[in-house]
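# Structure assessment
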Amino acid sequence: MASPDDMRALGRRLAAMLRPGDLVVLNGALGTGKTTLVQGIGAGLGVRGPVTSPTFVIARVHPSLTGGPALVHADAYRLASPAEVDDLDLDASLETSVTVVEWGGGLAEALAADRLEVSIALAGPGAGPDQEPRTVRLEGHGARWDTSPALKA
């Protein structure tokens, strides 16, 4: 994937696999396309936008415009511990929404045993957000993802 459009397209494809109760934990350095991927997920879920980085507000809820699940989009960049993630009460809407946590590695895993972890890395040293291909790795955890044929391919 080389462009923001590619990341949004991947997000739309992921949205087709997601259902209420799913937790997606995004990992990757600054500028790798985490928020861009979530924009695609939001478009695929048909939620009210715009989907923008929640870095300063920590979490945003995007209600569905199509009768599907809401998108809860959180950013754990400024959080220092799993306890601070717990304080966000993301689990209050976890069963009815699709919850995506940027910078969630090491912080958000306790929210759900079943989760999809997405790791994004720029392919080359010194690569910029719109210049170099990205490597995207999907790793499912728990029974929900053990049976997902999309992750087995």
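Report on the accompanying structure. Everything numeric in this text was worked out from a predicted model, so none of it was measured.

## Quick word on the side chain of Asp75
Its location among the elements puts Asp75 in strand S3 (residues 70-75). The side chain of Asp75 sits in the buried core without any salt bridge; Lys34 is the nearest counter-charge, 7.4 Å away. A polar contact is formed between the side chain of Asp75 and the backbone nitrogen of Tyr77, at a distance of 2.8 Å.

## Observations regarding the packing of aromatic side chains
The geometry of two aromatic rings is summed up by the distance between their centres and the angle between their planes. Taken as a whole and assessed by the stated rule, the structure comprises one aromatic pair. Stacked on the ring of Trp103, the Lys or Arg Lys34 has its end atom at 4.1 Å from the ring centre. Sitting over the ring of Trp145, Arg144 keeps its end group 4.1 Å from the ring centre.

## Things to note about the packing of helix H1 (residues 4-17) against helix H2 (residues 34-45)
Where H1 contacts H2, the axes come no closer than 6 Å and their chain directions differ by 45°. Here H1 lies oblique to H2, going by the angle between them. The element H1 and its partner H2 pack so that their crossing is right-handed. Side by side, H1 and H2 meet where Pro4, Met7, Arg8, Leu10, Gly11, Arg12, Leu14 and Ala15 of the first sit next to Thr36, Leu37, Gln39, Gly40, Ile41, Ala43, Gly44 and Leu45 of the second. Residues belonging to the contact of H1 with H2 are distributed by class as follows: nine nonpolar, five polar and two charged.

## Side note on H1
Given a rise of 1.5 Å per residue, 14 residues ought to cover 20 Å, and the 20 Å separating the end C-alpha atoms of H1 matches this to within 8%. Along its buried surface, H1 packs onto H2, strand S5 (115-122) and strand S6 (134-141).

## A few points about the environment of Pro63
Following the sequence through the fold, Pro63 ends up in the loop between strand S2 (59-62) and S3. Overall, the relative accessible area of 29% leaves Pro63 in the partly exposed class. Distance in space between the C-alpha atoms of Pro63 and Gly46 is 8.7 Å, their sequence separation being 17 residues. Ignoring sequence-local partners within four residues, the contact set of Pro63 consists of Val47, Arg48 and Ala70.

## Concerning the pattern of salt bridges
Within the structure shown, the criterion is met by four salt bridges. The partner of Arg8 in a salt bridge is Asp5, and the shortest N-O contact between them spans 3.2 Å. Note that Arg8 and Asp5 are positioned in helix H1 at a spacing of three residues, about one turn of the helix. For Arg144, the salt bridge goes to Asp22, with nearest N and O atoms at 2.8 Å. Placement of the pair is Arg144 in helix H4 (residues 143-146) and Asp22 in the loop between H1 and strand S1 (23-28), with a sequence separation of 122 residues. In this structure, Arg144 and Asp22 share a single accessibility class: buried.

Rules and cut-offs
Residues numbered from 1 in each chain as written. Predicted model: local features only at pLDDT ≥ 70, side-chain atom pairs only at ≥ 80, totals over all residues. Heavy atoms only, no water. Helix = DSSP H or I, 4+ residues; strand = E, 2+ residues; numbered from the N terminus. Buried < 20%, exposed > 50% of the residue type's maximum accessible area, 1.4 Å probe, protein only. Lys, Arg positive; Asp, Glu negative; His and termini not counted. Salt bridge = Lys/Arg side-chain N within 4 Å of Asp/Glu carboxyl O. Polar contact = N/O pair within 3.5 Å; in protein donor to acceptor, adjacent residues only side chain to side chain. Phe/Tyr/Trp six-rings, centres within 6.5 Å; stacked < 30°, edge-to-face > 60°. Lys NZ or Arg CZ within 6 Å of the ring centre and 35° of its normal. Axes fitted to C-alpha atoms, helices over the stretch in contact; angles between N-to-C directions. Parallel < 35°, antiparallel > 145°, perpendicular 65-115°, else oblique. Left-handed = near helix turned anticlockwise from the far one by under 90°. Contact = heavy atoms within 4.5 Å. Nonpolar A, V, L, I, M, F, W, Y, C, P; charged D, E, K, R; others polar. Expected span 1.5 Å × (residues − 1).

Bear in mind that shape data such as this cannot, by itself, settle questions of function.
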